[in-house]
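Listed below are the residues making up each chain.
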Amino acid sequence: MIFTDLPSELIEDILIRCDPIDVAQAAQTCSTLRSIVYLSDNKLWRELYLLQPFDDPRTTVSQEGRPRPTPIAWGPELQHIMRARGVVTATDSLAVMKPGELKTILQTFLSMVWYVRPWTSPQSLGELSGNLLWVAAMLRRGFLDRLEEKGGASGEERQLIAQLHSYYGLTQADTSRQSRIKSRAYVYNMRNYRPENEYGPLLENGAVNWEHVQALHHVVSMHLVDLREDEDFVFAVFPMSLPFTQIVVPDGIDLDEEKDWAGVTGSWAVSFCFCDHRDLMTFNEANATHNDTSLFEDPDFREVFRSLDVNLVVTRTEHDPNHPTRPIIYFFGEMHDPSTSTMTGRVKMTTDDQVQWHFVSGDQGNAIWSSEGVQVGGLRSDFGVLGSWTTIFHDADDPVGS
């Protein structure tokens with residue numbers, strides 16, 4: 001008896017136990033197997049999908065807490081995922097990509113990050129998303145570094161690369177001195193802070209500028225993780241890395257009915273960094289006519305990093321006609337002793353369905369500092385908010401930092 005003489009139900013049962021790539025290859029051997037694999041109902045591909053180390057897509061929600069759209073295209077989705085796996089695990093991943101395929105590969109990984117099963121409590125490790133663990137395992141092989149080194153990506157592709165990089169955390173190349181110089185040059189370039197982008201990591205259309213966010217992430221992260229230049233490591237697990245992007249939806253909470261849908265109320269750590277104002281002005285004066293990063297190349301260059309604790313409370317909400325179930329949240333905060341600073345601000349959804357934070361702060365209610373940031377990852381995720389700060393005056397010689 002040959003294999004294809006078996007009942008189709010038994011053939012399906014055997015194929016379900018195989019790797020999806022092997023199933024696709026088997027379908028190329030004859031019309032019978034091709035019919036079983038591609039022309040039958042969704043059961044085979046559904047079972048293949050559910051046997052992978054991913055979240056069950058039927059239990060996942062989007063980063064803003066929306067249920068995943070149905071019906072689920074089990075076959076096409078798993079085939080896209082397997083193709084993305086094949087690319088990043090190849091010896092020369094850039095060479096095996098087809099022309100124009102990069103966007104699809106990036107969107108496949110991002111979709112795995114965007115739709116995850118929610119945490120009911122960040123302390124419950126058993127609820128950690130399989131999607132996030134799998135994406136971290138794939139990207140630790142250096143795919144993002146190779147893409148950025150190669151260059152040549154379109155503007156849209158650069159935004160997707162930067163978004164995925166921001167979610168992922170630190171890569172091997174991020175430990176290099178040249179990489180840190182590049183990120184600092186972006187963060188401290190005052191031309192990147194204009195009324196059109198609300199003096200923060202946004203595009204003029206109100207969407208998030210992920211290239212800016214990724215530079216901010218890099219500058220801050222290198223103060224949190226002790227990695228020497230070109231130090232070999234597998235994956236840096238810290239609060240601004242992929243596992244911490246998982247959305248948190250506590251039991252009994254309906255985000256569509258919850259006024260504090262973003263989880264503003266509570267205790268927060270506010271960390272910020274900056275360079276000497278004289279260095280900032282020197283760098284921007286030198287860059288008025290050409291690109292000059294010599295300031296950051298100086299081994300004596302110093303950056304200050306500080307953290308403060310603050311308690312935030314929601315003061316009121318306001319209907320947002322563009323996001324009816326996600327009202328604009330206004331809040332007030334008081335820094336812990338010995339600081340006497342307070343802050344006021346708002347949280348709202350952006351045009352591309354990300355979460356934007358704006359707040360001003362100062363001593364004893366006298367606001368002087370202005371900050372714009374975005375929540376990285378899902379609502380209430382432990383990753384927190386990344387952004388930039390300057391003064392409320394937005395003068396030409398104002399300081400900026402992350």
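Look above for the structure.
What counts as what
Residues numbered from 1 in each chain as written. Predicted model: local features only at pLDDT ≥ 70, side-chain atom pairs only at ≥ 80, totals over all residues. Heavy atoms only, no water. Helix = DSSP H or I, 4+ residues; strand = E, 2+ residues; numbered from the N terminus. Rg over C-alpha atoms; globule rule 2.2 N^0.38 Å. Contact = heavy atoms within 4.5 Å. Areas by Shrake-Rupley, 256 points an atom, 1.4 Å probe, with all protein chains shown as cover. Lys, Arg positive; Asp, Glu negative; His and termini not counted. Charge placed at Lys NZ, Arg CZ, Asp CG, Glu CD. Patch = residues over 30% accessible without salt bridge, like charges linked within 9 Å, V, L, I, M, F, W, Y side chains within 5 Å. Salt bridge = Lys/Arg side-chain N within 4 Å of Asp/Glu carboxyl O. Buried < 20%, exposed > 50% of the residue type's maximum accessible area, 1.4 Å probe, protein only. Expected span 1.5 Å × (residues − 1). Polar contact = N/O pair within 3.5 Å; in protein donor to acceptor, adjacent residues only side chain to side chain. Pairing = 2+ DSSP bridges. Axes fitted to C-alpha atoms, helices over the stretch in contact; angles between N-to-C directions. Core = buried A, V, L, I, M, F, W, Y, C linked by side-chain atoms within 4.5 Å. Phe/Tyr/Trp six-rings, centres within 6.5 Å; stacked < 30°, edge-to-face > 60°.

Participant: Could you give an account of the overall build of the chain, naming the residues involved and the relevant values?
Facilitator: In terms of regular secondary structure, the chain is built from 14 helices and seven strands. Its C-alpha radius of gyration of 24 Å places the chain within 12% of the 21 Å reference for a compact globule of 402 residues. Taking the principal axes of its C-alpha atoms as reference, the chain extends roughly 85 × 50 × 35 Å. Look at the contacts in the chain between residues 6 or more apart in sequence, and 64% of them connect residues 24 or more apart. Surface summary for the chain: the accessible area is close to 19300 Å², and the carbon and sulfur share equals 51%. Separation between the mean location of the 33 positive side-chain charges and that of the 57 negative ones in the chain comes to 4 Å.

Participant: For a nonpolar patch on the surface, give the residues involved together with the corresponding values.
Facilitator: On the surface, a nonpolar cluster with roughly 350 Å² of combined accessible area is contributed by I368, W369, I392 and F393. Residue class for F393 comes out exposed when judged on its relative accessible area of 53%.

Participant: Summarise helix α12 (residues 210–224); cite the residues concerned and give the values.
Facilitator: Look at α12: 20 Å from first C-alpha to last across 15 residues, which is about the 21 Å you get at 1.5 Å a residue. Counting buried positions over the 15 residues of α12 gives twelve, a clear majority of the element. Of the residues flanking the start of α12, the one acting as N-cap is N209, its side-chain oxygen 3.2 Å from the backbone nitrogen of E211.

Participant: I'd like to hear about the sheet that holds strand β2 (residues 303–318), residue by residue, with values.
Facilitator: The sheet built from seven strands is open, its strands ordered β1-β2-β3-β4-β5-β6-β7 with antiparallel pairing. Two strands lie at the open edges of the sheet, namely β1 (266–275) and β7 (385–391), each paired on one side alone. Pairs of neighbouring strands in the sheet enclose a mean axial angle of 30 degrees, with direction left out of account. Alignment of strand β5 (residues 355–363) against strand β6 (residues 369–375), held across six bridges, turns out to be antiparallel. When the sheet's bridge partners are listed, Q356 is paired in β6 with V374.

Participant: Give me the lowdown on the nonpolar core, citing residues and values where you can.
Facilitator: By size, the foremost hydrophobic cluster in this structure holds 103 residues, and its most contacted members are F109, F143 and V347. When neighbours within four sequence positions are excluded, F109 is seen to be in contact with A84, V88, W134, V135, M138, L139 and L164.

Participant: Would you mind going over the packing of aromatic side chains in detail, with residue names and values included?
Facilitator: Per the stated rule, a full pass over the model turns up 15 aromatic pairs. Ring centres 5.0 Å apart and planes at 55 degrees place the aromatic pair Y168 and F235 in the tilted group. On the criterion of sequence distance, the pair formed by Y168 in helix α10 (residues 155–168) and F235 in the loop between α12 and β1 is long-range, its members being 67 residues apart. Comparing Y168 with F235, the two get one shared label, buried. Taken together, the aromatic side chains of Y49, F54, W74, F109 and W134 make up a single cluster linked through ring pairs.

Participant: Could you give an account of the environment of N192, with specific residues and numbers?
Facilitator: The topology assignment puts N192 in the loop between α11 (177–187) and α12. Each C-alpha atom of the pair N192 and A153 lies 21 Å from the other, and the pair is 39 residues apart in sequence. Once residues lying within four places of it in the same chain are set aside, the contact partners of N192 are Y186, N197, G200 and H212.

Participant: So what's going on with the pattern of salt bridges? Residues and values would help.
Facilitator: If you walk through the whole model with that rule in mind, you get 16 salt bridges. Note that D19 and R85 form a salt bridge whose closest N and O atoms lie 2.9 Å from each other. Taken together, the residues span a long stretch of sequence, with D19 in the loop between α1 (8–16) and α2 (20–26) and R85 in helix α5 (residues 74–89) at a distance of 66 residues. Given a relative accessible area of 26%, D19 falls into the partly exposed group. In the salt-bridge network here, residues are joined through shared partners; they are R66, D256 and R326.

Participant: So what's going on with the side chain of N197? Which residues, and what values?
Facilitator: For N197, the location among the structural elements is in the loop between α11 and α12. When its relative accessible area of 3% is taken as the criterion, N197 is described as buried. Of note is the side chain of N197, whose polar atom sits 2.9 Å from the backbone nitrogen of R194. In this structure N197 touches N192, L202 and L203, once residues within four positions along its chain are discounted.

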